[in-house]
Every structure is written in structure tokens, then in C-alpha cells.
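Notes for the structure review
Here are the chains, one letter per residue:
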Amino acid sequence: MSSGSSSSTRCAGCKHLRRKCSPDCILAPYFPPSNPGRFASVHEVFGASNVTKTLEQQLPDPLRRDAAESMVHEAMQRMRDPVYGCAGIITHLQRQITQLRGEISRTEGEIAQLISSAQQHRSPLSPHGNGGLRGDQSLNIFNSGLDYHRNDFAFNDDNFP
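Residues numbered from 1 in each chain as written. Predicted model: local features only at pLDDT ≥ 70, side-chain atom pairs only at ≥ 80, totals over all residues. Heavy atoms only, no water.

**Some points on the packing of aromatic side chains**
For the structure on display, the rule yields 1 aromatic pair. Aromatic side chains Phe31 and Phe39 sit 5.3 Å apart centroid to centroid with 75° between the ring planes, which places their arrangement in the edge-to-face category. Considered together, Phe31 and Phe39 belong to a single accessibility category, that of buried residues. (Phe/Tyr/Trp six-rings, centres within 6.5 Å; stacked < 30°, edge-to-face > 60°. Buried < 20%, exposed > 50% of the residue type's maximum accessible area, 1.4 Å probe, protein only.)

Laid out in C-alpha cells, this is it:
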């Protein structure tokens, strides 16, 4: 039987479905034979007919690769979490964003309290109300304290984009 060479060139979709892979196979560009698990998970979650119908009939050529990648990602997540899939990840990330926004808000409040406290401790005897320092000098002293603490935590510009 000489089908040995044609079976090695079948895409992962056709190989999984045990059918002949034509040169114009809609699955071949998105499900190469080198990674059969991609199609297996997509097939299990969406079904082969839905995948081929979506790629072939419902999407223009430029959008097909992104759609195939999205289906693979969603299928993998559904395999890990059959109930929530990608929605579970999105919910988790939304919770993290909410927590981080709260942390930022608390930190901004602490900074505002520190600034307010520094302004209240200025000397009322000086013409500038800050122990004889001009306003920009007082701010520089406060900022140098922040730089000192920032250096304690080894922050530098290399860590930020």
C-alpha cells in the first residue's frame, strides 16, 4: 500500500478524523501534523464540522489564523476547566485588577497623608512656614526621602518599560 507518504503529509485534523487530506484542506494551515493535540482538543470541544464551517464559510481569509488560535486556546482552557474555560481566567484577572486598584488607592491615600503630615510640621516662624526653606527646597527634602526608600527596595529605571 503506497499511502505511507500521503499519511505522513496529512494535517493533524485529517489524521485525527482518519480521512484523506486534500491539498486545499482548510485545516492544514492551522493544525500541522507536528502538533496533533491542538486539533484533538478543538475537535473534542467544538466538533470538526463546526471548526471547518467556521474557518471555511464564516470568516474571511485574514481572520482565520486568529480564529484557529482562539479556538485552540479556548479548547485547552475548556479541557482544564470544563465549566468556566476562558471565562474563569477572565474572572480571576478581573478580581486581581480590582484588588490592585484597591492597593493603589490605599497607597495614594498613604502618600497624601504623608504629604499632609509633612506640611503640618512646617515651622510657623519662618516666612515660608517651613523652617526657613523655600517651598521647592522643602519638597526636595521630602522627595529625597522617597528616593532613599525607593533605593532600599532596589527599584531602578531598568525594571520599568
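The rest of the description comes next.
**Focus on the environment of Leu27**
Along the polypeptide, Leu27 turns up in the loop between helix H2 (12-17) and helix H3 (36-46). In this structure the C-alpha to C-alpha distance between Leu27 and Ala12, which are 15 residues apart in sequence, comes to 8.0 Å. If near-sequence neighbours (up to four positions away) are discounted, Leu27 is found in contact with Cys11, Gly13, Arg19, Phe39, Val51, Thr52 and Leu55. (Helix = DSSP H or I, 4+ residues; strand = E, 2+ residues; numbered from the N terminus. Contact = heavy atoms within 4.5 Å.)

**Focus: the confidence of the model for the chain**
Residues at a pLDDT of 70 or more form 71% of the chain, whose mean pLDDT is 78. Mean pLDDT across the elements of the chain bottoms out in helix H1 (residues 4-8) (44) and peaks in helix H6 (residues 86-120) (93). Confidence over residues 1-7 falls short of pLDDT 50; this stretch has 0 contacts with residues more than four positions distant or in other chains. Across residues 137-161, confidence stays below pLDDT 50; counting only partners more than four residues off in sequence or on other chains, it has 9 contacts. (pLDDT = per-residue confidence, 0-100.)

**A look at the pattern of salt bridges**
Counting across every chain of the model gives 3 salt bridges. The salt bridge involving Arg38 is made with Glu69; its shortest N-O contact spans 2.8 Å. With Arg38 in helix H3 and Glu69 in helix H5 (residues 61-80), this pair connects stretches of sequence that are 31 residues apart. (Salt bridge = Lys/Arg side-chain N within 4 Å of Asp/Glu carboxyl O.)

**Let's talk about helix H4 (residues 48-58)**
In an α-helix, one turn spans 3.6 residues, which is why side chains three or four residues apart end up on the same side. Of all the residues in H4, the buried ones are Ala48, Val51, Thr52 and Leu55. An end-on view of H4 places all buried positions within 90° of arc, on one side of the element. Turned more than 90 degrees off the buried face of H4, the exposed positions are Gln57 and Gln58. (Arc of directions from axis to C-beta.)

**What about the nonpolar core?**
Within the largest apolar cluster, 19 residues are counted, with the highest numbers of intra-cluster contacts made by Leu27, Phe31, Val42, Val51 and Leu55. Secondary-structure elements contributing two or more residues to this core are H2, H3, H4 and H5. Among the elements that make up this core, the one with the highest residue count is H5 (5 residues). (Core = buried A, V, L, I, M, F, W, Y, C linked by side-chain atoms within 4.5 Å.)

**A look at the side chain of Arg10**
Within the element layout of this structure, Arg10 appears in the loop between H1 and H2. One buried charged residue, Arg10, forms no salt bridge at all, with the nearest opposite charge on Asp24 at 14 Å. (Lys, Arg positive; Asp, Glu negative; His and termini not counted.)

**Remarks on the packing of H3 against H4**
H4 packs onto H3 with a crossing angle of 100° between their chain directions and a minimal axis gap of 7 Å. When the interaxial angle is binned, H3 and H4 end up roughly perpendicular. In this structure, H3 contributes Phe39, Val42, His43 and Phe46 to the contact, and H4 contributes Ala48, Asn50 and Val51. In the contact of H3 with H4, the residues fall into 5 nonpolar, 2 polar and no charged. (Axes fitted to C-alpha atoms, helices over the stretch in contact; angles between N-to-C directions. Parallel < 35°, antiparallel > 145°, perpendicular 65-115°, else oblique. Nonpolar A, V, L, I, M, F, W, Y, C, P; charged D, E, K, R; others polar.)

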